[in-house]
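Residue strings, one per chain:
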Amino acid sequence: MASKATAVDRGSHSAKVLVAQVGKHGVSVLRFAGLPTAEGHAPLSDAGIPLKDSTCGLAGRDMTLRYSQVPPTPDWQLRNLMDLEIQDLAQQSGGALSADYNLLPIEDDSGSDTVLLALAKDEALEDLQGDVGRAGGAVTAFVPNCTALYNAYLKCGPVDADAVVALVNIGHQTIDLAIVRGTDLLFARNLTSGTKVLDEAIASNFNVSARKAEALKR
């Protein structure tokens with residue numbers, strides 16, 4: 001039986017809604033809509049797409065990725081170490097955090113394991129849930145956009161077991177980056193910089209409006 005999923009990516013410049021289905025012939029896009037974002041929010045109901053059981057992407061200042069080196073430990077001990085680190089980071093940030101982590105397949109001469117830890121402020125997650133809820137939907141999961149990029153590559157890309165590939169998604173104010181070797185995720189990062197910098201440079205040098213600068217860039 002085919003599996004269907006709904007994804008929401010609310011960027012600073014626009015929001016995207018996509019419905020995809022995985023079947024015996026691969027991944028098919030069933031529906032897609034792009035909407036302008038105003039003051040950090042997007043009228044997702046204008047997409048005309050049901051948002052039940054949506055997965056929301058995270059990028060920019062809503063989310064942080066960290067790398068930690070830990071000695072090889074049992075799963076229960078790693079979980080305790082990560083819980084302590086998350087509690088410490090929550091105290092530093094001054095707000096409640098949601099987090100998840102996983103080991104990366106990076107060979108280290110020191111014998112340590114590399115852990116990729118993703119954190120997001122609960123306030124940011126609730127804000128996203130509010131946008132989806134106002135459109136009559138519900139959020140069942142959140143995922144960093146750079147991790148989603150990696151997952152999409154595994155499903156859709158020509159994966160070469162010996163090749164090292166850089167995956168990049170350039171947005172208006174963010175860049176999502178993943179470096180992959182075969183099916184292994186080696187590095188993931190979200191940068192708070194995007195094509196807005198280029199728009200501003202064009203606008204300044206050619207003395208045009210931001211909208212005209214974006215058109216010239218395209």
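Residues numbered from 1 in each chain as written. Predicted model: local features only at pLDDT ≥ 70, side-chain atom pairs only at ≥ 80, totals over all residues. Heavy atoms only, no water.

A.B. asks: Teacher, can you tell me more about the overall build of the chain here?
C.D. replies: Each helix and strand counted, the chain has 5 helices and 11 strands in total. Across its three principal directions, the C-alpha atoms of the chain cover 55 × 50 × 40 Å. Of all 218 residues assigned to the chain, the portion counted as buried reaches 33%. Counted over contacts in the chain with a minimum sequence separation of 6, partners at least 24 positions apart contribute 51%. Entry remark: accessible area of the chain is about 13,000 Å², with carbon and sulfur atoms responsible for 51%. In the chain, 19 side chains carry a positive charge and 26 a negative one; their mean positions are 10 Å apart. (Helix = DSSP H or I, 4+ residues; strand = E, 2+ residues; numbered from the N terminus. Buried < 20%, exposed > 50% of the residue type's maximum accessible area, 1.4 Å probe, protein only. Contact = heavy atoms within 4.5 Å. Areas by Shrake-Rupley, 256 points an atom, 1.4 Å probe, with all protein chains shown as cover. Lys, Arg positive; Asp, Glu negative; His and termini not counted. Charge placed at Lys NZ, Arg CZ, Asp CG, Glu CD.)

A.B. asks: I'm lost on the sheet that holds strand 5 (residues 63–70) in this one. Help?
C.D. replies: A sheet is described by the order of its strands in space; here 3 strands give the open sequence 5-7-6, paired in antiparallel fashion. The open sheet has two edge strands, strand 5 and strand 6 (97–104), and neither has a second partner. Neighbour-to-neighbour, the strand axes of this sheet turn through a mean angle of 25 degrees, independent of strand direction. Looking at chain direction, strand 6 and strand 7 (residues 113–121) are connected through 8 bridges and run antiparallel. In the sheet register, Asp-100 faces strand 7, and the bridge partner there is Ala-118. Each of strand 6 and strand 7 is contacted by helix 2 (residues 122–134), which is oriented at about 60 degrees to strand 7, the strand it contacts most. (Pairing = 2+ DSSP bridges. Axes fitted to C-alpha atoms, helices over the stretch in contact; angles between N-to-C directions.)

A.B. asks: Looking at this structure, I do not really get the pattern of salt bridges. What am I missing?
C.D. replies: One side chain can pair with another of opposite charge once the charged atoms of both are near each other. Scanning the entire structure with this criterion turns up 7 salt bridges. Asp-9 is the salt-bridge partner of Lys-16, the closest N and O atoms lying 4.0 Å from each other. With relative accessibility at 28%, the residue Lys-16 sits in the partly exposed group. Here Asp-199 and Lys-217 are joined by a salt bridge, their closest N and O atoms 3.2 Å apart. Here Asp-199, found in helix 4 (residues 196–206), pairs with Lys-217, found in helix 5 (residues 210–217); they are 18 residues apart in sequence, far enough to count as distant. Given a relative accessible area of 23%, Lys-217 falls into the partly exposed group. One continuous salt-bridge network, built from bridges that share partners, spans Arg-10, Asp-127, Asp-131 and Arg-134. (Salt bridge = Lys/Arg side-chain N within 4 Å of Asp/Glu carboxyl O.)

A.B. asks: Would you explain the sheet that holds strand 9 (residues 164–170) in this entry?
C.D. replies: The pairing of strands in a sheet comes from backbone hydrogen bonds and takes either a parallel or an antiparallel form. If you trace the 3 strands from one edge of the open sheet to the other, you get 9-10-11, paired in antiparallel fashion. The outermost strands of the open sheet, each flanked by one partner alone, are strand 9 and strand 11 (184–191). The sheet shows a mean angle of 10 degrees between the axes of neighbouring strands, direction not considered. Helix 3 (residues 145–156) rests against strand 9, strand 10 (175–181) and strand 11 of the sheet, and its axis sits at about 45 degrees to strand 10.

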